[in-house]
Amino acid sequence: MVDTDVLIIGGGTVGSVVARGLLKHTSLSVTLIEANSYSHTPHHPGFDDRVIALSKRTVEELTDLGVKASSVGSVPIHHIQVSDKGAAGLCRLNAQDYQTDSFGEVVSLRRLGDALQLHDNTARFTLHCPAKVDQTSRTQNGVSVTLDNGTMITAKLLVLADGGRSFVHQQLGFERTVDDYQQTAIVVNALTAQPHHHRAYERFTHHGPVAFLPFNPESADNTANAHGFSVVWTLPPAMAENMMSATDKAFIRELQQAFGWRQGAITQVGKRFSYPLSLQQTKQVFTHRAVVCGNAAQMLHPIAGQGFNLGLRDAVSLVSCLKAKKDPGAFSVLSAYQQQRSKDKQTTISLTDGLVRLFSNDMPGLIAVRNVGLMAMDNCAYLKQQFVRQATGFARNG
Ligand SMILES: Cc1cc2nc3c(=O)[nH]c(=O)nc-3n(C[C@H](O)[C@H](O)[C@H](O)COP(=O)(O)OP(=O)(O)OC[C@H]3O[C@@H](n4cnc5c(N)ncnc54)[C@H](O)[C@@H]3O)c2cc1C
């Protein structure tokens, strides 16, 4: 006799999506353990001040689970510009050329988190929060976890959605590789002289990429005529440290130099946050009666805005594998999940990692190659179509 069918460790974005999906699409009982209290959302590691881009597919999957991005103040992306600083390469994409209203939506992670949280215990759902999983053990037919308050819970399947700093995965025999990019992302809100008109920018610079997403978390006005952007600026750690402590004036000057003048002058910036960047991935997605999802399975560079989008596809695929299954932890179920996820993960991780390496390198030959690449892409409908499929989450591998 077990306490619950599925026990999820981690109630960040991905764990919450798994819980919502299981409750909506299966009859399994679900227990969610989250270490940090949701009532302290400003300091919650899963729902901090970041602003993230949701692909079109992610927006649709969230709507299916009862969370409409537009209800949490999202801003649609109608245009994307990709460019290489100091070179001619430029690629422009307009959503209407692809018979879609937008490529995706930009949303505040904190507001998305508020909407995703499940608070109320029901006959099929139990929340332990704040409570941290300390110990895990397994038998042939189940798993048991011990919480830091001494509670013990048994389940048929354990889902690890406990993020990139998970230590539980080691206890369960998951092996993780870590490649340090030697880069730090600075996240900051900025106002520009010209309105964003729903345009997102990715600009590759000598030191690393800088992304401008149309969104102003501090304003209720996020219409096309708003002037706010959420900026993710990637730099080598020492430069990032300097930029973190620079005055606003010095910071704006350097950011303007990196980004250029496509939006006119950068007039104001907000508080800065920094994130060290690495590629982390587990070698396998399941071990006996345990499976990994989201950042616990892979943590990506934010260059292509794919981390949550990929984690959500993990969650959706896991839910579909558990539909109508009597034993959610059975080997056949978990190996089906592994098979379903393998191509999408490989493609998304390789593309993201490839972009980082291609565009963070100043070898003259490579500069030429990527400029030709950007120009070719701008002129080639097929290449653009492939890029759009991947960016919107509808590539034929997920
Ligand atoms: C600068 C930056 C920009 C980004 N931009 C984008 C973007 O534009 N688009 C995109 O798709 N992605 C983006 N991402 C990635 C995205 O933010 C993450 O992939 C996503 O938030 C990860 O969610 P998660 O639920 O897997 O992990 P987390 O958010 O890390 O959640 C893990 C949860 O598990 C809990 N936990 C941990 N250990 C335990 C334990 N032992 N017991 C109980 N609970 C535990 C933690 O408290 C936490 O709530 C960006 C990331 C960064 C850093």
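All figures in this text were calculated on a predicted structure; none of them were measured in a lab.

So, how was this worked out
For every chain, the first residue of the written sequence is number 1, and numbering continues from 1 onward in sequence order. This being a predicted model, a pLDDT of at least 70 is required before a residue's local features are given, and a value of 80 or more before pairs of side-chain atoms are given or counted; all residues contribute to the totals for chains, interfaces and linings. In computing side-chain properties, one takes all heavy atoms of the structure into account and sets aside hydrogens as well as water. Numbering of helices and strands runs from the N terminus, with a helix taken as a DSSP run of H or I at least four residues long and a strand as a DSSP run of E at least two residues long. Exposure classes here rest on a 1.4 Å probe applied to the protein chains alone. A residue is buried below 20% of its type maximum, exposed above 50%, and partly exposed in between. By the convention used here, residues are in contact when the closest approach between their heavy atoms is within 4.5 Å. Every angle, taken between N-to-C directions, lies between 0 and 180 degrees, and every axis is a line fitted to C-alpha atoms, over only the stretch in contact when it is a helix. Note on terminology: angles under 35 degrees are roughly parallel, angles over 145 are roughly antiparallel, angles of 65 to 115 are roughly perpendicular, and the others are oblique. Left-handed describes a crossing whose near helix is turned anticlockwise from the far helix through less than a right angle; right-handed describes the clockwise counterpart. For this classification, Asp, Glu, Lys and Arg are treated as charged, while Ala, Val, Leu, Ile, Met, Phe, Trp, Tyr, Cys and Pro are nonpolar and the rest, including Gly, are polar. The cutoff for a nearby residue is simple: one of its non-hydrogen atoms must lie within 4 Å of the molecule or strand. Residues adjacent in sequence count toward polar contacts only when both atoms are side-chain atoms; beyond that, a polar contact is any pair of N or O atoms within 3.5 Å, and within protein one must be able to donate a hydrogen and the other to accept it. Throughout, the Shrake-Rupley method with a 1.4 Å probe supplies accessible areas, and for residues the shown protein chains are the sole cover considered. The split into domains, and so the bounds of each, comes from an automatic or database assignment of domains.

A word on the overall build of the chain
Thinking step 1. The helix and strand tally for the chain stands at 10 helices and 20 strands.
Thinking step 2. Taken across its 398 residues, the chain has 54% of its residues classed as buried.
Thinking step 3. Residue pairs in contact within the chain that sit at least 24 positions apart in sequence constitute 73% of those at least 6 positions apart.

Let's talk about the packing of helix α1 (residues 13-25) against helix α3 (residues 109-116)
Thinking step 1. The interhelical angle for the contact between α1 and α3, taken along N-to-C directions, is 25°, at an axis separation of 10 Å. Taken as axis vectors, α1 and α3 run roughly parallel relative to one another. When you trace α1 past α3, the crossing you get is left-handed. Facing α1, whose interface residues are Thr-13, Ser-16, Val-17 and Arg-20, α3 presents Leu-109, Leu-112, Ala-115 and Leu-116.
Thinking step 2. Split by residue class, the contact of α1 with α3 holds 5 nonpolar, 2 polar and 1 charged.

Focus on the packing of α1 against helix α7 (residues 307-322)
Packed helix pairs are characterised by how far apart their axes lie and by the angle those axes make with each other.
Thinking step 1. Orientation of α1 relative to α7, taken along the N-to-C sense of each, is 30°, at an axis distance of 9 Å. Between α1 and α7, the interaxial angle falls into the category roughly parallel. The two elements α1 and α7 meet at a crossing, and its hand is right-handed. Of α7, the residues touching α1 (which contributes Thr-13, Val-14, Val-17, Val-18, Gly-21, Leu-22 and His-25) are Phe-308, Gly-311, Leu-312, Ala-315, Leu-318, Val-319 and Leu-322.
Thinking step 2. Of the residues assigned to the contact of α1 with α7, the class counts are 10 nonpolar, 4 polar and no charged.

Some thoughts on the site of the ligand
Thinking step 1. Around the ligand, 32 residues are found, and the nearest of them are Glu-34, Asn-36, Arg-50, Ala-53 and Asn-295.
Thinking step 2. In this structure, a nitrogen atom belonging to the ligand sits 3.1 Å away from a main-chain N or O atom of Ala-35.
Thinking step 3. At 2.8 Å, a backbone N or O of Ala-53 approaches an oxygen atom of the ligand.
Thinking step 4. Summarising the interface, the protein chains cover 91% of the accessible area of the ligand, which totals 1000 Å² for the free molecule.
Thinking step 5. Contributions of two or more residues to the shell around the ligand are made by α1, β3 (51-55) and α7.
Thinking step 6. Looking at the shell around the ligand element by element, the count peaks at 3 residues for α7.
Thinking step 7. In terms of residue class, the shell around the ligand is built from 15 nonpolar, 13 polar and 4 charged.
Thinking step 8. Built from parts of two domains, the shell around the ligand gets at least three residues from each of domain 1 (2-38 + 117-175 + 283-359) and domain 2 (51-109 + 181-277 + 363-392).

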